[in-house]
Each structure stands twice: as C-alpha cells, then as structure tokens.
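# Secondary and tertiary structure notes
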Amino acid sequence: MRTLLLLLMLWSAALVVPLGCASGVPRHFAQSLAADTHLGWRSAPENQLAFSLATATGVAQVELHPLPDQFTLVTLELPGMRRVEAVQWQGDSGQSTTLYDGEDGLEGVSLQKRGHGFRLQLQLSAMYYLCDGGVLTVIGQRR
C-alpha cells in the first residue's frame, strides 16, 4: 500500500511540473543525487527557486549548482514526509552545517507542516550556504 501511495504521489508530481522561476532555466540549478529521490519543479516568482523532493527512503539528497546572486528564496515541498528530523548542507569545498536539527533552524530556515508533508523555505543567512553550490540532504520519516 505504501509503495502504491508513493508511486501515485510521484506520478502526480510528474504531471504538475511547471516551468519554474523566470530569472533563468531552473533545471540547471539542481539535480537529484539518489535514485529513490524524485525532483519536481514548481513555478516561482523571479529570483526564487522552488521544487519538490519525494523519496521512498525518507532521506532526500539534491545537488545545487551555484545560484545567481539575485536569488533570495529557495522553497522545497516535501510531500509524504511525516517528520523532518534534519536538514544538512555540505558545500562543494567540503564544509558542512546543519540548517535544521529537528527542533530549531538557522536564521532564514522555516519549516511548515502541510497537509501531506512539509514546506521548507531557505532565505536570509541560509542562502549564504546555498549560493556557492553543494549538497542539500533532508532526513525525515516517510509516511
């Protein structure tokens, strides 16, 4: 049943794949790193990046390429996650940090419960980590 539900979510996410932000071609900014992680694009205002991550294991990884300086907000929809335990960042030069530890996040990191998952928004000082590119890992519990 869980597999069927996950496949249905991934299929419906594939049907709703808007073009993304108007400031460039957003598909060049991020790519999924894990075979079980589905990356879906969302429409967003100019200078923002929005996408969704769905995973069968509860651990989603996405590689972000360097973002243009004018980007001010990155929004991730996390459908199917029951709980987000951590959000970690590892930069291309090897530095790493925890953006969210299950209870608190850095300034500019907000996590909101949605009907069937979460919405993670990264802005302000959190964008400092994302701007040069690296790997974003979201650790959670799948439904």
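Before reading further, recall that the structure is shown in the block above.
Being a predicted model, the structure only gives us computed values, none of them experimental.

## As for the environment of Asp104
Within the fold, Asp104 resides in the loop between strand 7 (96-100) and strand 8 (109-114). Classification of Asp104 as exposed rests on a relative accessible area of 55%. Between the C-alpha atom of Asp104 and that of Ala86, which follows or precedes it by 18 residues, the distance is 9.4 Å.

## What about the sheet that holds strand 3 (residues 48-55)?
Spatially, 2-3-5-9-8 is the arrangement adopted by the five strands of the open sheet, whose pairing is mixed. Looking along the sheet, the strands with just one partner apiece sit at the ends: strand 2 (37-41) and strand 8. The average undirected angle you get between the axes of adjacent strands in this sheet is 20 degrees. In terms of strand pairing, strand 8 meets strand 9 (residues 117-123) through six bridges, oriented antiparallel.

What counts and how
Residues numbered from 1 in each chain as written. Predicted model: local features only at pLDDT ≥ 70, side-chain atom pairs only at ≥ 80, totals over all residues. Heavy atoms only, no water. Helix = DSSP H or I, 4+ residues; strand = E, 2+ residues; numbered from the N terminus. Buried < 20%, exposed > 50% of the residue type's maximum accessible area, 1.4 Å probe, protein only. Pairing = 2+ DSSP bridges. Axes fitted to C-alpha atoms, helices over the stretch in contact; angles between N-to-C directions.

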